[in-house]
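Residue-level listing of the chains:
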Amino acid sequence: MASLPSVAVSGNIKLDQDFRKHPTSFISSEKSGIANVSYQKSQTIVNSDGSSEPRSLDFREALVMIREGSKVESSYYVPLLQECIDRNSASDAQVVHGHIIKTGSHQDLFVTTFLVNVYAKCRIMENARKVFDKLSRRNVVSWTALMSGYVHNSRPELSIRVFLEMLEAGAYPTNYTLGIVLNASSTLYSIELGKQLHAYSIKYQIDFDTSIGNSLCSLYSKCGNLESAFKAFKKIKEKNVISWTSAISACGDNGDASKGLAFFTEMLSEGIEPNEYTLTSALSLCCTMLSLGAGIQIHSLVIKLGYELNLPVRNAIMYLYLKCGMVNEARKLFNGMEAMSLITWNAMIAGHAQIIDLAEDDLSAYQSGTEALNIFLKLNRSGVKPDLFTFSSILTVCSSMVALEQGEQVHAQSIKSGFLSDIVVATALVNMYNKCGSIEKASKVFIEMSTRTLISWTSMIAGFAQHGRTQQALQLFEDMRIAGVRPNQVTFVSVLSACSHAGMVNEALGYFESMKKDYRIKPVMDHYACLIDMFVRLGRLDEAFGLVKKMDFEPNEFIWSTLVAGCRTHGNLDRGFYAAERLLKLKPKDTETYVMLLNMYISVERWKDVSRVRKMMKEEKLGKLEEWSWITIKDKVHSFKPNDKSHPQSEDVQKYVESLTDQVKSLGYKAVESLELTDEDAETTLFSSTSFHSEKLAIAFGLLNTPNAAPIRVIKNISMCRDCHNFVKFISLLTSREIIIRDSKCLHKFVNGKCSCGDFGALL
DNA sequence: CTAGGGTTAG
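Definitions and limits used
- Residues numbered from 1 in each chain as written.
- Chains lettered and ligands numbered in written order.
- Predicted model: local features only at pLDDT ≥ 70, side-chain atom pairs only at ≥ 80, totals over all residues.
- Heavy atoms only, no water.
- Domains from an automatic or database assignment.
- Axes fitted to C-alpha atoms, helices over the stretch in contact; angles between N-to-C directions.
- Helix = DSSP H or I, 4+ residues; strand = E, 2+ residues; numbered from the N terminus.
- Parallel < 35°, antiparallel > 145°, perpendicular 65-115°, else oblique.
- Left-handed = near helix turned anticlockwise from the far one by under 90°.
- Contact = heavy atoms within 4.5 Å.
- Nonpolar A, V, L, I, M, F, W, Y, C, P; charged D, E, K, R; others polar.
- Near = heavy atom within 4 Å.
- Polar contact = N/O pair within 3.5 Å; in protein donor to acceptor, adjacent residues only side chain to side chain.
- Phe/Tyr/Trp six-rings, centres within 6.5 Å; stacked < 30°, edge-to-face > 60°.
- Buried < 20%, exposed > 50% of the residue type's maximum accessible area, 1.4 Å probe, protein only.

Undergrad: An account of the domain arrangement of chain A is needed here, citing residue identities and associated values.
TA: In terms of domains, chain A is made up of domain 1 (16–254), domain 2 (555–623) and domain 3 (630–755). Computed from C-alpha atoms alone, the centre-to-centre distance between domain 2 and domain 3 is 25 Å.

Structural data, given as structure tokens:
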């Protein structure tokens, strides 16, 4: 939730008297004097021969007349000004304004009030305020126009100030006025103010009024109170499209997407036609649910109702297709757009960022990441200025891609544009540096943040935990508590994982208990996963398996794979086989698990089991384990596969790996000896020391193409094998380089022959 | 009343 701006909205609002005296002022606009004004679009034109005739004027003709100083009936100003609004032409409005003053029509309250409205809509609030201040008389409509202007120009706090001024001046709010203040309170997330206004609306029995009810519904939704939002919605006597849309988007804001779609269906069956707002809200619900089927149905409804050219609707459809993995459909929409908003770009980048995480295979994840970086480049070249949404999304992409160089460029750009002051952008930046292994830069950004949210703290604690800096992680956790920020479930996962890395059993169990007792946070599977991991690392397998039995959850794939790797490391193969077979039941198509299992059977030469596992793999139609790595150097991504000669430097790179291997052998590196394997097994098990695993190639390439002390950053699609893990430790010792490898399960930071994962991250 | 953003581990 955004923090409240420091605006004086304090003190109770005294509405009582006004409402008691004039309760009807809420519902009737008679007093405003507007209802009786009828305006006309035809003018009496005086021809050159002196005869006169009434006829319609078009906008340009009328403007010309006004520029020439001809007289115009004051009732004609309003349609003319309306036209200025429609054309969003502040300059035309100023011409008309000048004419109004010259002809003395500024004495006309109706016309002048409309001018306030015009300037507000044309986003020149200074002029709106000036016109308002010069009014000799003010009625509720002029006050309301000004308030509404501030709300629409993102100054809700000023709108509330005007509301207070209005009450002081003794004017009576209408239901429309109250609706605007309610909207302002919801923009400010001021539930207190909202509740006061709600109370008054109940007192004067207008809480069932449509526009009040709509505003109340969205106010409660924005402040996170879905129940009250529903109550407000149900109370509305005559529900219109806006009421339904408010209820639907309330569900979206509060994470109950399926309920929102139920509302949408109900609305359709009530015979109410959705508008562009309803459609975008409903599409966004499909998006969170990743419900492509429902989304396609709504898409056809969009076409039927003629909204397919509406930009927000198109953006929502594009984002839906993108998130559901229909990249080509999304791209077609993207390329076919004549008008594009920044949101279109942002949706495209954010969508690709999400695919990276959702992707089943690493190749498409990698392609999405590259595509997102390309779109960002195009956006920059197109001259459109990125905003805070763009920065946070692209930083997430850089994190997933371990693209430190791009990340640093974005960092610089966000400083220049002033968006680094945004908490979300800064947090995304902290996270980017963490994920790229630059813990120093991450903490520098973190320290320089002026305010931090729970997520910022958690991200930094997680960073320290990942880098094996347990003390700093725990210290930061204390700092956070002292700062009065309440940790959540996610924070505790990071804290427990920090303890687990350092083997601090007592501390971990202490935090676990404190989480349950002091913070009333229910442990989830992830917390147990950390504890299990801790016992596994220490070789306390009994306790690890004990926890598996004790917890209320069926262990997930991650817990089983932790157990497999741990049992293997600690030589408890029987338990390892058991865990691996359980893992295979959960993920029968996971080649990595089969390879782990195969390697275990081979190491104890249980050849019967080896052929049984091979048979299982054939039945599942699983082939060789595809493994590859990539490294980003100067905005260019270089990817490597073993035995792949497609890279222009592949020959040099291979030779360099061979020479490195010789050099580290003299430091004590021993390649894993090949067992008596068939060719087939040797290929599948990744044991063969003669083959070049992709991370070795990528690292060699990095060493050849970066300056001497530069860290090397590599990303790998599957877990590292032990041989390579050992090899890279020696390389970091040999070359005195920092080598960071992010594989599919773990961040490895190799410094001086040691790895931050404590050697527990090499699963294969 | 609408579309786009940041956190965890194994």
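Now, onward.
Undergrad: Would you mind going over the packing of helix α3 (residues 77–86) against helix α4 (residues 90–102) in detail, with residue names and values included?
TA: One can describe the packing of α3 onto α4 by two numbers: an axis separation of 9 Å at closest approach and a directional angle of 160 degrees. Compared by their axis directions, α3 and α4 come out roughly antiparallel. The hand of the α3/α4 crossing is left-handed. Taking contact as the criterion, the partners of Tyr77, Leu80, Leu81 and Cys84 in α3 are, on α4, Asp92, Ala93, Val96, His99 and Ile100. Broken down by class, the residue content of the contact of α3 with α4 amounts to 7 nonpolar, 1 polar and 1 charged.

Undergrad: Summarise the protein's contact with DNA strand B; cite the residues concerned and give the values.
TA: If you check the shell around DNA strand B, you find 46 residues, and the closest are Asp387, Asp422, Asn431, Asp526 and Thr562. What you see for DNA strand B is that sugar and phosphate hold 43% of its atoms within 4 Å of the protein. Side-chain polar atom of Thr453 to a base nitrogen of DNA strand B: 2.5 Å apart, as the coordinates give it. Interatomic distance of 3.0 Å between a side-chain N/O atom of Gln466 and a phosphate oxygen of DNA strand B. Top contributing element to the surface near DNA strand B by residue count: helix α23 (residues 423–435), with 7 residues. Residues belonging to the surface near DNA strand B are distributed by class as follows: 17 nonpolar, 24 polar and 5 charged.

Undergrad: Which residues make up the packing of helix α8 (residues 156–168) against helix α9 (residues 175–187), and what values do they have?
TA: Across the interface, α8 lies against α9 with an axial gap of 9 Å and an inter-helix angle of 140 degrees. Taken together, α8 and α9 sit at an angle that is classed as oblique. The handedness of the crossing between α8 and α9 comes out as left-handed. Residue-level contacts link Pro156, Ser159, Ile160, Phe163 and Met166 of α8 to Thr177, Ile180, Val181, Ala184, Ser185 and Thr187 of α9.

Undergrad: Can you explain the side chain of His748? Please cite residues and give values.
TA: Within the secondary structure layout, His748 lies in strand β7 (residues 747–751). Within the local environment of His748, its side chain forms a polar contact with the side chain of Asp743, the two groups lying 2.9 Å apart. When near neighbours in sequence (up to four residues on either side) are disregarded, His748 contacts Met720, His725, Ile739, Ile740, Ile741, Asp743, Cys755, Ser756, Cys757, Gly761 and Ala762.

Undergrad: Give me the lowdown on the packing of aromatic side chains, citing residues and values where you can.
TA: One pass over the structure, following the stated rule, counts 21 aromatic pairs. A centroid spacing of 5.3 Å and a plane angle of 75 degrees characterise the contact between Phe446 and Trp457, whose relative ring orientation is edge-to-face. Of the two residues, Phe446 is situated in helix α24 (residues 439–448) and Trp457 in helix α25 (residues 454–466); the sequence distance between them amounts to 11 residues. With respect to class, Phe446 is no different from Trp457; both count as buried.

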